[in-house]
Amino acid sequence: MLVKGWVLDHIKYASKVYPKKKKYASKGVEKTFDLLSVQLKYLLLSKPAKGVEKTFDLLSLLDKILPIYKEVIAELKEAGATWIQFDEATLVKDLEAYQLEAFTKAYAELESACSGLNVLVATYFADVPAEAYKTLTSLPGVTGYTFDLIRGEKSLGLIKSSFPSGKYLFAGIVDGRNIWANDLAGSLAVLESLEAVAGKDKLVVSTSCSLLHTVVDLVNGTKLDDEIKSWLAFAAQKVVEVNALAKALAGQKDEAYFAANAAAQASRKSSPRVTNEAVQKAAAALRGSDHRPATNVSARLDAQQKKLNLPILPTTTIGSFPQTIELRRVRREYKAKKISEEEYVKAIKEEIFKVVQLQEELDIDVLVHGEPERNDMVEYFGEQLSGFAFTANGWVQSYGSRCVKPPIIYGDVSRPKAMTVFWSSMAQEMTKRPMKGMLTGPVTILNWSFVRNDQPRFETCYQIALAIKDEVEDLEKAGITVIQIDEAALREGLPLRKAEHAFYLDWAVHSFRITNVGVADTTQIHTHMCYSNFNDIIHSIINMDADVITIENSRSDEKLLSVFREGVKYGAGIGPGV
């Protein structure tokens, strides 16, 4: 049986992948780091696989995997490593006392194996709670600790009040998850205050987390203009920032570099491209209303059925159809101006017609146009909204081998003109059946973008919601009677700490309701959710007040579908995603 990759009856070290000492020596490296994804993180983030009892205690596997870590550590020693970093990101979550005790037990067991090595334990993505901080800073055999000071600003108070003497403090002061240039002057002030806590020889400047979450190098950002470029720092530039801050702490401040950084920070604050007073005013006007439809969902579904006349079990698809090499060639050539707009529209229209014809042959009730004109579900909309910028080569890993180019939200967001109405209207003219308008929701656009850090995320999300609201209303005016607003990433943005869940869910759900509050009862609003387990936020999903929700049920052993019939009152329509 498997539990997130662990074989319960026989766990062993499968492969030796670390270089030998001579490889370190050949590079002239004195301090060498190796990174281990640690046993506690694996176990605490795992879940029992199919066939394993839900009550199975994952931490009971700890004794089986600790010997494997000892093998790995011994091999690293032999290879010449002098530092080992253990990632223990779960320490920022709400852990029970017995879970914290498992950390103490694990590191006590590994202490002798780590003898002669410097051991660094890294946390990131949020504040470390007070009890977890006590556990972390008391772990046996540990030399230093990394704290995320970007998303864990409250950890500063704990560090300043009770940092253990003689330990290294790796201060994660350069943001590893976003692409904005560091405020070097502000960061230097923080670092100088930490010198008095950890000691000058024990303070290390660091990124807040791994740099795999950001784009590689700004040099490749050929689509960005010079002003926006000056506001940004990709992975390569973040390493330069770390180095500059470390040198400044050591008395070797690069005055010219710091001055250029200060000028770029000031430019960003004062640029007219960033602030749109009309958008700010419209977003501020949202306060004071929860933007709920005046009619309850049951009455709306009755009105929609009278207009749409759908069968008892209507069928539809999520939206996008497979994109062929030929389709991508057409889009690429149009973008490069190798074919005319007329040729492009003709090619896309032919593809939409094929998709419509296929669905009619299959007797699908509510059709989609297949989205042949779109690249990525976020990028497509971002390219048509103001306040967004894009890179030519800004790829980052999404999951597995899938990579995306996240938009950069640098300013207030608005919709200059309709984004999807032309294609949806064209598709509707090809059939007498309802054609779904297909939109990406504001929360998903936000969570799958590099978001501006000069205002709260919810304010940016409300601005996006207003832009999508304009598009929804234009689709309705064009005769589109079913509109799907995808919120695939709603749960993805859920904070790691439970105390912060309610605030996030309140503004995220509110943002969705803003997008469609103005439509007639006869216009059916769908949403689609995938890639997530939303059992614990089901009441917030119901609170979105969509007419129909479609879920990804086919690969969840019907666990997601069961949520809607167990212990909740759900009166809207549901697409089980079979």
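In this report, the structure presented in the accompanying data block is examined. (Residues numbered from 1 in each chain as written. Predicted model: local features only at pLDDT ≥ 70, side-chain atom pairs only at ≥ 80, totals over all residues. Heavy atoms only, no water.)

**Notes on the overall build of the chain**
Next, step 1: Counting its regular elements, the chain contains 21 helices and 17 strands.
Next, step 2: In terms of overall dimensions, the chain is globule-like: its C-alpha atoms have a radius of gyration of 26 Å, near the 25 Å expected for 578 residues.
Next, step 3: By residue count, 52% of the 578 residues in the chain fall in the buried class.
Next, step 4: Put simply, of all contacts in the chain between residues at least 6 apart along the chain, 77% involve residues at least 24 apart. (Helix = DSSP H or I, 4+ residues; strand = E, 2+ residues; numbered from the N terminus. Rg over C-alpha atoms; globule rule 2.2 N^0.38 Å. Buried < 20%, exposed > 50% of the residue type's maximum accessible area, 1.4 Å probe, protein only. Contact = heavy atoms within 4.5 Å.)

**Here we look at the nonpolar core**
Next, step 1: Within the largest apolar cluster, 68 residues are counted, with the highest numbers of intra-cluster contacts made by Ile352, Trp423, Ile483 and Trp507.
Next, step 2: At ten residues, helix H18 (residues 457–477) tops the list of elements feeding residues into this core.
Next, step 3: If we ignore the near neighbours within four places in the chain, the residues touching isoleucine 483 are Gly437, Leu439, Val472, Leu475, Glu476, Thr523, Gln524, Ile525 and His526.
Next, step 4: Leu61, Leu95, Tyr107 and Tyr133 belong to the second-largest nonpolar core, a separate cluster that totals 58 residues. (Core = buried A, V, L, I, M, F, W, Y, C linked by side-chain atoms within 4.5 Å.)

**A few points about the pattern of salt bridges**
Next, step 1: One pass over the full model with this rule turns up 28 salt bridges.
Next, step 2: Put simply, arginine 292 and aspartate 290 hold a salt bridge, and the shortest N to O gap is 3.2 Å.
Next, step 3: If you follow the salt bridges from partner to partner, you end up with Arg268, Asp412, Arg452 and Asp454 in one network. (Salt bridge = Lys/Arg side-chain N within 4 Å of Asp/Glu carboxyl O.)

**Overview of the environment of isoleucine 538**
Next, step 1: Checked against the element boundaries, isoleucine 538 lands in helix H20 (residues 538–543).
Next, step 2: The exposure class of isoleucine 538 is buried, given its relative accessible area of 5%.
Next, step 3: Residues isoleucine 538 and tyrosine 570, spaced 32 residues apart in sequence, show a C-alpha to C-alpha distance of 9.6 Å.
Next, step 4: If sequence neighbours within four positions are ignored, isoleucine 538 has contacts with Val563, Phe564 and Val568.

**What about helix H3 (residues 62–79)?**
Next, step 1: For H3, with 18 residues, the first-to-last C-alpha span of 26 Å sits near the 26 Å given by 1.5 Å per residue.
Next, step 2: Of the residues one or two after H3, glycine 80 is the one with positive phi, at around 105°. (Expected span 1.5 Å × (residues − 1).)

**A short note on the sheet that holds strand S13 (residues 436–440)**
Next, step 1: Strand order across the open sheet formed by five strands is S13-S14-S15-S16-S17, with parallel pairing between neighbours. Across the chains shown, the open sheet's two edge strands, defined by having one partner strand only, are S13 and strand S17 (573–575). Adjacent strand axes in the sheet meet at a mean angle of 25° when their direction is disregarded.
Next, step 2: As paired elements, S13 and strand S14 (residues 482–486) share five bridges and run parallel to each other. Considered in S14, the bridge of lysine 436 is made with valine 482.
Next, step 3: Those strands touched by helix H19 (residues 501–516) are S14 and strand S15 (524–529), and its axis lies near 145° from that of S15. (Pairing = 2+ DSSP bridges. Axes fitted to C-alpha atoms, helices over the stretch in contact; angles between N-to-C directions.)

**Thoughts on the pairing of strand S5 (residues 118–122)**
Next, step 1: With respect to burial, S5 is a largely interior element, four of its five residues being buried.
Next, step 2: Each parallel crossover has a hand, and for strand S4 (residues 83–87) linked through helix H4 (residues 97–110) to S5 it is right-handed.
Next, step 3: Bridge count between S5 and strand S6 (residues 144–148): three bridges; the pairing is parallel. By the bridge assignment for S6, valine 121 is matched with tyrosine 145.
Next, step 4: The handedness of the S5 to S6 crossover, carried by helix H5 (residues 130–136), is right-handed. (Right-handed = clockwise from strand over helix to strand, strands pointing away.)

**What about the packing of helix H13 (residues 325–335) against helix H14 (residues 341–361)?**
Next, step 1: Between H13 and H14, whose axes approach to 10 Å, the crossing angle comes to 160°. Taken together, the axes of H13 and H14 lie roughly antiparallel to each other. Viewed along their axes, H13 and H14 form a crossing whose handedness is left-handed. In this structure, H13 uses Leu327, Val330, Arg331 and Tyr334 to contact H14, whose residues at the interface are Glu341, Tyr344, Ala347, Ile348 and Glu351.
Next, step 2: Residue composition of the contact of H13 with H14, by class: six nonpolar, no polar and three charged. (Parallel < 35°, antiparallel > 145°, perpendicular 65-115°, else oblique. Left-handed = near helix turned anticlockwise from the far one by under 90°. Nonpolar A, V, L, I, M, F, W, Y, C, P; charged D, E, K, R; others polar.)

**A look at the packing of aromatic side chains**
Next, step 1: What the rule picks out here adds up to 14 aromatic pairs.
Next, step 2: Judged by centre distance (6.3 Å) and plane angle (50°), the ring pair of tryptophan 231 and tyrosine 410 falls under tilted. Separated by 179 residues along the polypeptide, tryptophan 231 in the loop between helix H8 (226–230) and helix H9 (235–249) and tyrosine 410 in strand S12 (residues 408–414) bring together distant segments of the chain.
Next, step 3: Where tyrosine 380 meets phenylalanine 381, the ring centres are 5.3 Å apart and the plane angle is 90°; that geometry is what we call edge-to-face.
Next, step 4: Through a chain of ring-to-ring contacts, the aromatic side chains of Tyr334, Tyr344, Phe422 and Trp423 assemble into a single cluster. (Phe/Tyr/Trp six-rings, centres within 6.5 Å; stacked < 30°, edge-to-face > 60°.)

**What about the pairing of S13?**
Next, step 1: Across the five residues that make up S13, a large majority, five, are buried.
Next, step 2: Burial along S13 is two-sided: the residues Lys436, Met438 and Thr440 and Gly437 and Leu439 are all buried.

**Thoughts on H9**
Next, step 1: Across its 15 residues, H9 extends 21 Å between first and last C-alpha, which sits within 8% of the 21 Å expected from 1.5 Å per residue.
Next, step 2: Ala235, Gln237, Lys238, Glu241, Val242, Ala244, Leu245, Ala248 and Leu249 are the residues of H9 that are buried.
Next, step 3: Buried residues along H9 sit in contact with strand S7 (168–174), helix H7 (184–198), strand S8 (203–207) and helix H10 (255–270).
Next, step 4: A positive backbone phi angle near 85° is found at glycine 251, which sits one or two residues after H9.

**Brief notes about unusual backbone geometry**
Next, step 1: Phi at lysine 337 takes a positive value of approximately 60°, unusual for a residue other than glycine.
Next, step 2: Along the polypeptide, lysine 337 turns up in the loop between H13 and H14.
Next, step 3: Judged by relative accessible area, lysine 337 falls into the exposed class, the value being 76%.

**Looking at the environment of isoleucine 514**
Next, step 1: Here isoleucine 514 shows up in helix H19.
Next, step 2: Here the alpha-carbon distance between isoleucine 514 and lysine 405, two residues 109 residues apart in the chain, equals 27 Å.
Next, step 3: Setting aside chain neighbours within four positions, we find isoleucine 514 in contact with Leu286, His291, Tyr462, Ala465, Leu466 and Lys469.

**A short note on the side chain of asparagine 516**
Next, step 1: Structurally, the position occupied by asparagine 516 is in helix H19.
Next, step 2: Of the residues examined, asparagine 516 reaches a relative accessible area of 7% and is grouped as buried.
Next, step 3: Among the polar contacts made by the side chain of asparagine 516, one reaches the main-chain carbonyl oxygen of phenylalanine 512 at a distance of 3.0 Å.
Next, step 4: Leave out the neighbours within four places in its chain, and asparagine 516 touches Val472, Ile485 and Ile525. (Polar contact = N/O pair within 3.5 Å; in protein donor to acceptor, adjacent residues only side chain to side chain.)

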